[in-house]
Amino acid sequence: MPNNQLQEFTCAISLGYFLFDFIWCIYFRTEGPVMLFHHVLSMVGNMYVLYYGSNGGEMLATLFGTEITNPLLQLRWFIRQNANLSSSFLATAVDVAFLVMFTIMRIIIATVLFYNYQTHPRPDTFAKVGSVSIYLIGWVFWIAVVRYAWRKYVLQSPRKFKRDTVKADLPASAIPPELVQKGADLARGDSTSLDDTGDSVVRSTETQNGLVHRSVAGTDGDRTGI
């Protein structure tokens, strides 16, 4: 079926975007071979549609299904750049929404469309081969997303949740004063130990005028050395 003007315009814009982003990825070395192959495949598909004047409908459907998750992907990037939001509920909600939408569009719906497209007699061989390639790339991306989510929310979250729960449920008044002092000492690089008489000794390390000064305080007075 011949392309209409909207399909031609959309494919031309898409070709320009993928060409620019491909050059960017090559120059700054920001992406791996899978993403670069994805860009090459997208450019070839758009050029094919524009040159032969057909398959525009399938190309627009592919662009919509593969790029619909991009707003969430970009929002996730901006959230990760903000230290106050990178571990927030919003960050988790965006991650989950991205994974769910990616699964629906690139795996569930894409599988149904892929099967119908491959079994239909009208699409030519080049278009069918292209659909196989973009479909398999979708699975590669999806596996990478699932592995990331598994590591972040299944393997790491129980330990983090346990640490956060302990810190949240333990009021400051319940912490013994000696532990508070020890925590302050450790925060500034001090260490606490016992001397030969059993008294507490605090060893402090400070940097002054480029020299490292260590002081030792105990029951027998102060001793300072370098």
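Residues numbered from 1 in each chain as written. Predicted model: local features only at pLDDT ≥ 70, side-chain atom pairs only at ≥ 80, totals over all residues. Heavy atoms only, no water.

A few points about the overall build of the protein
Here comes step 1: When helices and strands are tallied, the protein shows eight helices and four strands.
Here comes step 2: Listed N to C, the secondary structure of the protein is α-α-α-α-α-α-α-α-β-β-β-β in terms of helices and strands.
Here comes step 3: Each of the 226 residues in the protein was classed as buried or not, and the buried ones make up 25%.
Here comes step 4: Restricting the contact set of the protein to residue pairs at least 6 apart, pairs at least 24 apart contribute 50%.
Here comes step 5: A total of about 15,800 Å² of accessible surface is found on the protein, and carbon and sulfur atoms cover 67% of it. (Helix = DSSP H or I, 4+ residues; strand = E, 2+ residues; numbered from the N terminus. Buried < 20%, exposed > 50% of the residue type's maximum accessible area, 1.4 Å probe, protein only. Contact = heavy atoms within 4.5 Å. Areas by Shrake-Rupley, 256 points an atom, 1.4 Å probe, with all protein chains shown as cover.)

What about the layout of surface pockets?
Here comes step 1: The computed volume of the largest pocket comes to approximately 1,200 Å³.
Here comes step 2: Glu 31, Met 35, Asn 70, Leu 73 and Gln 74 are the residues nearest the centre of the largest pocket, which is lined by 35 residues in total.
Here comes step 3: Contributions of two or more residues to the lining of the largest pocket are made by helix H1 (5-28), helix H2 (33-52), helix H3 (56-67), helix H4 (70-81), helix H5 (89-119) and helix H6 (125-155).
Here comes step 4: Tallying contributions element by element places H6 first for the lining of the largest pocket, with eight residues.
Here comes step 5: Classifying every residue of the lining of the largest pocket by side-chain character gives 18 nonpolar, eight polar and nine charged. (1 Å grid on protein atoms, 1.4 Å probe; cavity = no way out; pocket = protein on both sides within 12 Å on 5 of 7 lines; lining within 4 Å. Points joined across faces, edges and corners; volume = space filled by probe spheres on them. Nonpolar A, V, L, I, M, F, W, Y, C, P; charged D, E, K, R; others polar.)

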